[in-house]
Amino acid sequence: MLNIREVRRIVVKVGTSTLTYENGKLNIGRIEQLVRCICDLQNRGYEMVLVSSGAVTVGAAKLGLAARPHKLSMKQAAAAVGQCELMHIYDKMFLEYGINVAQILLTRENITNDGQRENIHNTFTALLETGVVPIVNENDTVATAELVHIENFGDNDTLSAVVARMCGADLLVIFSDIDGLFDSDPRKNPQAKLIPLVPKIDAKVRRMAGGAGSSHGTGGMATKLTAAELCMDAGIPMLVANGEHVNVLYDVVDGKQVGTLFARGGKLTCGN
């Protein structure tokens, strides 16, 4: 059993489909809900880390592009513009609740290099000790692999798992565009059933996972299984929930059943 009262440090990952509308512009209302919830949990005593996608899509919209660009240099340009826009919005909204934020942009080289990894870990520790919410994304202007769909972090699902391990998180929550892992594709099968708990990832579980979700994102349930494996190997429970309802973070910390929990130790509970 995983006692939620033993959870203190939480990494929350939000994807492009959670942050934006289909036209690529920011979903301000949902971002406000997310920020308010994270600030409230921080005030309760949790240490919060946010892994945020969306830079390329937001940048493309700000640049007036009709769709996500295909040319690599334009993707990098859109990422640079979009990351600036995202951090501006986050900084402004978090400050409304008296919470400071910090931007951390990572590449795979940062994680595989022992010295850089230690420095990043120390930075996370210092920020969290001072009550700052780190906001993490892949450095898309440098790390081109994700942009051309070659494995790097692969997507921010994998990045969020790496961050959870690196900062010693007690729980990773990944917001997706569906409620969690189903026994079949819920978009095609209305009778598909949600799997509330996955204690191990085997061939059967992998068959349940599909490809990418929304047209703007790069991740799907398959990438979340990769993230789950990274977390479970480190003893970190990982939860997949629907990003349309970011306030379910309250249910999570109250030990209620939400989405799909990937954990070898059993289900999440409130404890005694």
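Please read these numbers as outputs of a predicted model, since none were measured by experiment.

Calculation rules
- Residues numbered from 1 in each chain as written.
- Predicted model: local features only at pLDDT ≥ 70, side-chain atom pairs only at ≥ 80, totals over all residues.
- Heavy atoms only, no water.
- Phe/Tyr/Trp six-rings, centres within 6.5 Å; stacked < 30°, edge-to-face > 60°.
- Helix = DSSP H or I, 4+ residues; strand = E, 2+ residues; numbered from the N terminus.
- Buried < 20%, exposed > 50% of the residue type's maximum accessible area, 1.4 Å probe, protein only.
- Pairing = 2+ DSSP bridges.
- Contact = heavy atoms within 4.5 Å.
- Axes fitted to C-alpha atoms, helices over the stretch in contact; angles between N-to-C directions.
- Patch = residues over 30% accessible without salt bridge, like charges linked within 9 Å, V, L, I, M, F, W, Y side chains within 5 Å.
- Areas by Shrake-Rupley, 256 points an atom, 1.4 Å probe, with all protein chains shown as cover.
- Salt bridge = Lys/Arg side-chain N within 4 Å of Asp/Glu carboxyl O.

### What about the packing of aromatic side chains?
Given two aromatic rings, one states the distance between the centres and the angle between the planes to describe the pair.
No. 1: Tallied over the full model, the rule gives one aromatic pair.
No. 2: With centroids separated by 6.3 Å and ring planes inclined at 50°, the aromatic side chains of Tyr 90 and Phe 94 adopt a geometry described as tilted. Of this pair, Tyr 90 and Phe 94 both sit in helix α4 (residues 72–96), four residues apart, which is roughly one turn of that helix. Each of the two residues, Tyr 90 as well as Phe 94, counts as buried.

### Let's talk about the sheet that holds strand β2 (residues 9–14)
No. 1: Strands sit in the order β4-β5-β3-β2-β6-β8-β9-β7 across an open sheet of eight strands; the sheet is mixed. The open sheet has two edge strands with one neighbour each: β4 (101–106) and β7 (197–198).
No. 2: The sheet contact formed by strand β6 (residues 171–176) and strand β8 (residues 238–242) spans five bridges and is parallel. By the bridge assignment for β8, Ile 174 is matched with Val 240.
No. 3: Those strands touched by helix α6 (residues 114–129) are β2, β3 (47–52), β4 and β5 (133–138), and its axis lies near 165° from that of β4.
No. 4: Along the sheet face, helix α9 (residues 221–233) touches β6, β7, β8 and β9 (260–262) and points at about 150° away from the line of β8.

### Observations concerning a nonpolar patch on the surface
No. 1: On the surface, Leu 63, Leu 65 and Met 74 cluster together into a nonpolar patch covering about 210 Å² of accessible area.
No. 2: Positionally, Met 74 belongs in helix α4.

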